[in-house]
4 protein chains.
Amino acid sequence: MSWNSFGRVFRFTTWGESHGPAIGAVVDGCPPGLPLAEADIQPWLDRRRPGTSRFTTQRREPDEVRILSGVFEGRTTGTPISLMIENVDQRSKDYGEVAKAYRPGHADYAYDAKYGFRDYRGGGRSSARETASRVAAGAVARAVIPGVRIRAWVEAIGGDTIDPARFDDAAIDANPFFCPDPVAAERWEGLVDAARKAGSSLGAVVACEATGVPAGWGAPLYAKLDSELAAACMSINAVKGIEIGDGFAAAALSGEANADPMRPGAGGPEFLANHAGGIAGGIATGQPIRLRVAFKPTSSILTPVPTITRDGAATEIATRGRHDPCVGIRGVPVVEAMVALVLADQALLHRAQCG
Amino acid sequence: MSWNSFGRVFRFTTWGESHGPAIGAVVDGCPPGLPLAEADIQPWLDRRRPGTSRFTTQRREPDEVRILSGVFEGRTTGTPISLMIENVDQRSKDYGEVAKAYRPGHADYAYDAKYGFRDYRGGGRSSARETASRVAAGAVARAVIPGVRIRAWVEAIGGDTIDPARFDDAAIDANPFFCPDPVAAERWEGLVDAARKAGSSLGAVVACEATGVPAGWGAPLYAKLDSELAAACMSINAVKGIEIGDGFAAAALSGEANADPMRPGAGGPEFLANHAGGIAGGIATGQPIRLRVAFKPTSSILTPVPTITRDGAATEIATRGRHDPCVGIRGVPVVEAMVALVLADQALLHRAQCG
Amino acid sequence: MSWNSFGRVFRFTTWGESHGPAIGAVVDGCPPGLPLAEADIQPWLDRRRPGTSRFTTQRREPDEVRILSGVFEGRTTGTPISLMIENVDQRSKDYGEVAKAYRPGHADYAYDAKYGFRDYRGGGRSSARETASRVAAGAVARAVIPGVRIRAWVEAIGGDTIDPARFDDAAIDANPFFCPDPVAAERWEGLVDAARKAGSSLGAVVACEATGVPAGWGAPLYAKLDSELAAACMSINAVKGIEIGDGFAAAALSGEANADPMRPGAGGPEFLANHAGGIAGGIATGQPIRLRVAFKPTSSILTPVPTITRDGAATEIATRGRHDPCVGIRGVPVVEAMVALVLADQALLHRAQCG
Amino acid sequence: MSWNSFGRVFRFTTWGESHGPAIGAVVDGCPPGLPLAEADIQPWLDRRRPGTSRFTTQRREPDEVRILSGVFEGRTTGTPISLMIENVDQRSKDYGEVAKAYRPGHADYAYDAKYGFRDYRGGGRSSARETASRVAAGAVARAVIPGVRIRAWVEAIGGDTIDPARFDDAAIDANPFFCPDPVAAERWEGLVDAARKAGSSLGAVVACEATGVPAGWGAPLYAKLDSELAAACMSINAVKGIEIGDGFAAAALSGEANADPMRPGAGGPEFLANHAGGIAGGIATGQPIRLRVAFKPTSSILTPVPTITRDGAATEIATRGRHDPCVGIRGVPVVEAMVALVLADQALLHRAQCG
């Protein structure tokens, strides 16, 4: 199955290829009566828009979203919300090379193995361009859970990690890296510039925190909040790892060191630690939900890499053209969107069963 | 929603609590005509059975599975396969303490926050006992994909990692830790014994490899193979992290270092590396699928931890009684089962769309 | 796909064959805290139990239900409710004939065409015995929507229809036909007796009314209340038709004759007619929901019917043994159960989206 | 839940309102490599296009479909196919009356009861305009099952039924009523004209036959072919009844009269009757699949009908403006589309489980 939908009762379906006329999302199950306009969605799209700095792809896309249905007199009607973003800057370059040979690390070979052929123009459906649809849908999700604040940032690029002591929320949007540590942001300028100029690329770690999630959202087993978040984030292009709370670090701890003690607090327990990342038994505890996502380096690099042609002959390929030297950077608004989409869905699921 | 089902066309639903009369799974969508008997399922259950060594909980459960439907004359009929395992050793202890106070790290508080009350006997539905149902269902999944070999092991306990140079597949089942490194296995005896005697617990990392997965299984976006595996593994009790291929390590690499070059091979490409863990663009490349799963230390420890009562009063709790000092150990057959269940589902989904 | 689950957030999955050790259902998504015991389910099972009169199959099944999970201290916990009914009276007869030849009107040939072989004992999975699981699940559904009253009855047998002027709710459970018209009930005694003695069978029409369904339940398009009810009822063995409100009669009317005028009433509109059967645009209007279901005559008859063997040879088959002369009679509690299951699901879905 | 998707592995999601900028459908799960162009879809849309005769609404919509994704170099890629149809003729009339008062038989009151408010322009989401999206999606479904021929027609209008003896397939597209009986077609001209001029409306019965469906498609229980077809057809605006094969007539028959005897035929059994409508036990038998659908008369009539305002005051409403005097007529291509969509889905599901 192609399976281009995500969510259980608050669901979205995305469509569109990198070089088709447009991309879009249909958001279904949205509660009625929520104020929603294109102006509520556009700012989130602008955050991930390409071409805003020399550290992202130079493809120029205005990424202007249109709401085609589901909103009447400025409020959601409860019917499907169709969001469309036109593709404007599909550079008419020659894709002959990509059409004939497989770019290692890209989906080229896997798509051919699955479907027998592929839309090779800019990666077609496998292009990170699809994530614009997620960000648009995520903006709708935010409207469903106004009490929840979702904030992501880049924690490390190419192994160079921020200093938590210098964490400054205000800094995140003050540099082209969504970096909360101004000093690291300066280092990353040089780091990413060097990679870009060398036609190389870098991986990154994106962290995300959601506050205001009430205790009780989530489900015990196959819709565990951790499980849904893992599926959501792992579905983002180039993501290869996900941690909830301490994640892999917890595997090195003792039970004592990993405990999250509680004491009486105002309206519920006050937790003295949050190793669990705000989720126990798959269900939110009311603490901040914390997760970390690993983005591999962009697979498009100038250095020639051995590969094979569609006919199985040996060749080499160097991916020229426009690409993000560090795809993880623009992953920040995408991670936020996916977290918002999961939480909106869980909010409605919780209400369905527990009133 | 409770959501106790997993899978899209090959689906299973589990039911049962730790101290109820029985637990079980209903497997739906299984192809017809596959040879299946209780004897094909029992060995996998025996691998995760408690009480087999002093390094696991001392609860004695024979975990004998019964097939109640879906099999006729030794073959699957294509109708639902109902699997039941009776609970035998529900020790009639006093659960008063657990009923009244919340064990930090456990689902106690979260369940009460969600449902208003809970079956506190042995953790009820949140007990790792539920994973026996998964292992039984996983055995059916293995019958659906006979060409695939799925092998998991413990890679690290409490931060003590195996030496890859000493990796010996034959060793995995030759020690109580599913440890492929005989030397590490000896160290772990002391490590886990110490934790057990101290009433403490340890985290673990479980690695898994699936070979024989044909290129093409998987889906581009919201049923990405990575995404499905992440959801499946993250749904296991105590799991807080998942990596595909190099995972977080890839985030520190350059595009050159992370490339998986190809050259012509017999029947398709031969890959010169496998940083991607056998998945590109969410679709299998035909390489071995590799993933790593982080288990937090068992939350049940003897050291008293500050917590609150159901009434919100301050108290301390020390979890006496039977538990696994390192829940990750018995997580090995569970990870294998979840991987098998995902791959069987993807195999059928691939056939549905791509014939 | 086998697809043995029904429902969207309040879902049940049934398993089991006519002559296996047991049958059952797993009900998932049930809200927590609802009082539920086996004694709440048993009466509904007793209504459909075979062998209660000479007008039903003589198979003797106590149909005693066991709750294996999901209930603690007399209340639902929000986790899956596993219901099991043991098969007791699987008469050890020789099924050789049914194994070798296809009974026309039965699923025998279709199952072989789909699965390559089948459990032929008593029809295996295709036996109406499966409907006991639905009735058990339906009893749980009733607990979810206590304000809704669901009442079904037999409206016609073999073309002999009740006189609406004699409709007496109290009569429905006072005769073996669930017939609200005492005079018709007397006629039917002779009618069904004659069919039974002749080894023949009769079709029936079952009508159902649900009152207390609040305006707003349902959904505009692919989960229309009419659509869900149609799918639910059409999934019952031997059902070949479904009408909502006036159904086919409405197709012969003019818009004026089919109108359901409204006038102001206490708390909402008062409707002056109910041609629509309580549903407009797929959504409940608050009027009684009315539907009619057509059951074909039992396909098992003594008169030999031309058919073919598994090997494709011509033969004749006469279905001896125990069967219902009119399967529609015991369809009454099954229709009620399916309506309850749809309404419970829609109640939760409505709450999910509309709070 | 809004639930605007239909299908299990071959799924489509529709969006759009009667007076929004556009409507559309996203078709997901389509197999790759199928030839598909707008020219393959347009003819089916033209069949249901309004304004083609005086017997349908006079709204002028070109209904030109655009394929926005999922097709590359003339073939489906296996990724979602986004289909969009712009709304052109949204007459800027005053909707004040419909906004303030509820049209009996329409979804007006039910939508307000569910969502608290509604897009009242032309019925918004509840308008039959949505069915254009289904017809477009249905054209894709036809490409998935080229061996299946699906043919629907109008069997009766306002109670005036065709003479089966005069059934002429060629006649169906030779008159504005999709009527296979030329003599009835002439009668209907007068019938529908009279209704139209009187501002009244008529109900209709639509029949459909699908040939070339291989034995084995379908599923035993909750995805029974009858069940899926019932859900699909009942989801069409104004539909209130569905019959498979003899439907309600079978309820008046004896088992002997309802039997479908078999004898050996070329490649499988030859059936001597088809009371079952080509489905036994929920699974196709290989015979033609036959169903009948009841459309109520259009609720929009000129005769004033008592109703209430949004504020609950008594009033009367007469629905002026453009509407179909018999909505069942244009229901013909919609029924065909829904049957095609169900069969395409079942074809893939069968392949998934049974190879």
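Residues numbered from 1 in each chain as written. Chains lettered and ligands numbered in written order. Predicted model: local features only at pLDDT ≥ 70, side-chain atom pairs only at ≥ 80, totals over all residues. Heavy atoms only, no water.

Chain A appears in an unreviewed UniProt entry as Chorismate synthase from Sphingomonas abaci. In the Catalytic activity (unreviewed entry) part of its UniProt record, chain A is described as follows: "5-O-(1-carboxyvinyl)-3-phosphoshikimate = chorismate + phosphate". In UniProt, chain A has this text filed under Subunit (unreviewed entry): "Homotetramer." (UniProt positions renumbered as here; feature names shortened; annotations may be inferred.)

1. Things to note about the pairing of strand β2 (residues 11-16) of chain B
Residue and element names in this part refer to chain B. By the criterion of burial, β2 is predominantly enclosed, with six of the six residues buried. In the sheet, strand β1 (residues 5-6) pairs with β2 via two bridges, with the strands oriented antiparallel. Following the sheet pairing, Phe6 is matched in β2 by Phe12. Here β1 folds back onto β2 in antiparallel fashion, the turn holding four residues, of which Gly7 has a positive phi close to 110°. Alignment of β2 against strand β3 (residues 22-28), held across six bridges, turns out to be antiparallel. Its bridge partner lying in β3, Trp15 is registered against Gly24. (Buried < 20%, exposed > 50% of the residue type's maximum accessible area, 1.4 Å probe, protein only. Helix = DSSP H or I, 4+ residues; strand = E, 2+ residues; numbered from the N terminus. Pairing = 2+ DSSP bridges.)

2. Quick word on the environment of Ile279(C)
One can find Ile279(C) in strand β14 (residues 279-280). Remark: the alpha-carbon pair of Ile279(C) and Glu38(C), spanning 241 residues in sequence, is separated by 33 Å. Discounting residues that sit within four places of it in the chain, Ile279(C) has contacts with Leu225(C), Asp226(C), Leu229(C), Ile244(C), Ala284(C), Thr285(C), Ile289(C) and Lys240(D). (Contact = heavy atoms within 4.5 Å.)

3. Section: the relation of the copies chain C and chain D
At an RMSD of 0.0 Å, chain C and chain D line up after a rotation of 180° and a shift of 0.0 Å along the axis. In symmetry terms, the pair is related by a two-fold rotation axis. For chain C, the minimum C-alpha distance to the rotation axis belongs to Ala231(C) and amounts to 2.5 Å. The share of interface residues of chain C whose copies in chain D are also at the interface is 100%, consistent with both copies meeting through the same surface. (Least-squares fit on C-alpha atoms with pLDDT ≥ 70 in both.)

4. Digging into the relation of the copies chain A and chain B
Rotating chain A by 180° and moving it 0.0 Å along the rotation axis overlays it on chain B with an RMSD of 0.0 Å. Comparing contact sets, 100% of the residues at the interface of chain A also lie at the interface in chain B, consistent with an isologous, same-surface contact.

5. Overview of the UniProt feature "binding site: FMN" (unreviewed entry) in chain A
Mapped onto the present numbering, the UniProt feature "binding site: FMN" (unreviewed entry) falls on Arg125(A), Ser126(A), Ser127(A), Asn237(A), Ala238(A), Gly281(A), Lys296(A), Pro297(A), Thr298(A), Ser299(A), Ser300(A) and Arg322(A). The greatest C-alpha distance among the annotated residues, which extend across 198 residues, is 43.7 Å, indicating that they are dispersed rather than converging on a single site. Residue class for Ala238(A) comes out buried when judged on its relative accessible area of 19%. Sequence-distant contacts of Ala238(A), defined by excluding residues within four places in its chain, comprise Ala294(A), Phe295(A), Lys296(A) and Val327(A). Tracing the backbone shows Thr298(A) in the loop between β16 (289-295) and β17 (305-308). On the basis of relative accessible area, Thr298(A) is assigned to the buried category, the value being 10%. Those residues within four positions of Thr298(A) in sequence are excluded, and the remaining contacts are Ser201(A), Leu202(A), His323(A), Asp324(A), Pro325(A), Cys326(A), Val327(A) and Gly255(B).

6. Observations concerning helix α4 (residues 131-144) of chain C
The first and last C-alpha atoms of α4(C) sit 20 Å apart over 14 residues, in line with the 20 Å expected at 1.5 Å per residue. Taken across its 14 residues, α4(C) has 13 buried, putting it largely inside the fold. (Expected span 1.5 Å × (residues − 1).)

7. Observations regarding the sheet that holds strand β2 (residues 11-16) of chain D
Residues and elements named next belong to chain D. The strand order across the open sheet formed by five strands is β1-β2-β3-β7-β4, and the pairing between neighbours is antiparallel. The open sheet has two free edges, formed respectively by β1 (5-6) and β4 (65-67), since each of these has just one partner strand. In the sheet, β4 pairs with strand β7 (residues 81-86) via three bridges, with the strands oriented antiparallel. Across the sheet, residue Val65 finds its bridge partner in β7, namely Ile85. On top of the sheet, helix α1 (residues 38-48) reaches β4 and β7; it is set at about 155° to β4, its chief contact. (Axes fitted to C-alpha atoms, helices over the stretch in contact; angles between N-to-C directions.)

8. A closer look at the environment of Glu316(C)
Residue and element names in this part refer to chain C. Tracing the backbone through its elements, the reader meets Glu316 in strand β18 (residues 314-317). The class of Glu316 is partly exposed, set by a relative accessible area of 49%. Spatially, the C-alpha atoms of Glu316 and Thr303 are 9.5 Å apart, while their sequence positions differ by 13 residues.

9. Let's talk about the UniProt feature "binding site: NADP(+)" (unreviewed entry) in chain A
All names here are of chain A. Feature annotation in UniProt assigns "binding site: NADP(+)" (unreviewed entry) to the following positions: Arg48 and Arg54. Structurally, Arg48 is set in helix α1 (residues 38-48). In this structure, Arg54 sits in the loop between α1 and β4 (65-67). In this structure the side chain of Arg54 is engaged in a polar contact, spanning 2.6 Å, whose partner is the side chain of Asp193. (Polar contact = N/O pair within 3.5 Å; in protein donor to acceptor, adjacent residues only side chain to side chain.)

10. Quick look at the sheet that holds strand β10 (residues 204-211) of chain D
With antiparallel pairing, the ten strands of this open sheet are ordered in space as β9(C)-β8(C)-β10(C)-β16(C)-β11(C)-β11(D)-β16(D)-β10(D)-β8(D)-β9(D). Whereas interior strands pair on both sides, the edge strands pair on one side only; in this sheet they are β9 (160-161) of chain C together with β9 (160-161) of chain D. Note: strand β10 (residues 204-211) of chain C against strand β16 (residues 289-295) of chain C, seven bridges, orientation antiparallel. Along β16(C), the bridge assignment pairs Glu209(C) with Arg290(C). Most of the contacts of helix α5 (residues 182-197) of chain D go to strand β8 (residues 149-157) of chain D, to which it runs at about 60°, and overall it touches β8 and β9 of chain D.

11. Concerning helix α8 (residues 331-354) of chain D
All names here are of chain D. With 24 residues, α8 should reach 34 Å at 1.5 Å per residue; the first-to-last C-alpha distance of 34 Å fits that figure. Within α8, 22 of the 24 residues are buried, leaving the element largely enclosed by the surrounding structure. A positive backbone phi angle near 70° is found at Gly355, which sits one or two residues after α8.

12. Quick notes on the interface of chain A and chain B
Residue-level contacts link 101 residues of chain A with 101 residues of chain B. Carbon and sulfur atoms supply 65% of the area that chain A and chain B bury against each other, a total of about 7,700 Å² over both sides. Taken together, the links from chain A to chain B amount to two salt bridges. A salt bridge links Lys240(A) to Asp226(B), with the nearest nitrogen and oxygen atoms 3.1 Å apart. On inspection of chain A and its partner chain B, the count reaches 39 residue pairs in polar contact (both at pLDDT 80 or more). Considered class by class, the residues forming the side of chain A that touches chain B number 57 nonpolar, 30 polar and 14 charged. (Buried area = accessible area lost by both parts, 1.4 Å probe. Salt bridge = Lys/Arg side-chain N within 4 Å of Asp/Glu carboxyl O. Nonpolar A, V, L, I, M, F, W, Y, C, P; charged D, E, K, R; others polar.)

13. Description of the interface of chain C and chain D
Counting residues at the interface gives 101 residues for chain C and 101 residues for chain D. Taking both sides of the interface into account, the surface hidden between chain C and chain D amounts to around 7,700 Å²; carbon and sulfur atoms contribute 65%. Applying the counting rule to chain C against chain D returns two salt bridges. Between the two partners, chain C and chain D, sit 39 residue pairs in polar contact (both at pLDDT 80 or more). When the residues that make up the side of chain C that touches chain D are grouped by side-chain class, the tally is 57 nonpolar, 30 polar and 14 charged. Sheet topology places strand β11 (residues 239-244) of chain C next to strand β11 (residues 239-244) of chain D; three bridges connect them, and they run antiparallel. Considered in β11(D), the bridge of Ile242(C) is made with Ile242(D).

14. With respect to the state of the cysteines
All names here are of chain A. Evaluation of the coordinates by the stated rule reveals zero disulfides over all chains. Looking at Cys208, it has no disulfide partner, and the nearest cysteine sulfur is the one in Cys233, 7.2 Å off. Accessibility expressed as a relative area gives 3% for Cys208, which makes it buried. (Disulfide = S-S within 2.5 Å.)

15. Some thoughts on the side chain of Ser127(A)
By the secondary structure assignment, Ser127(A) is in the loop between α3 (108-115) and α4 (131-144). Non-local contacts of Ser127(A), meaning those with residues more than four positions away in its chain, are made with Ser18(A), Gly122(A) and Asn237(A).

16. Observations concerning unusual backbone geometry
The residue Ala238(C) is not glycine, and still its phi comes out positive at about 75°. Inspection of the secondary structure assignment puts Ala238(C) in the loop between α6 (225-234) and β11. The phi dihedral of Phe178(D) falls on the positive side, at around 50°, and the residue is not glycine. For Phe178(D), the position within the fold is in the loop between β9 and α5. For Phe178(D), a relative accessible area of 9% translates into the label buried.

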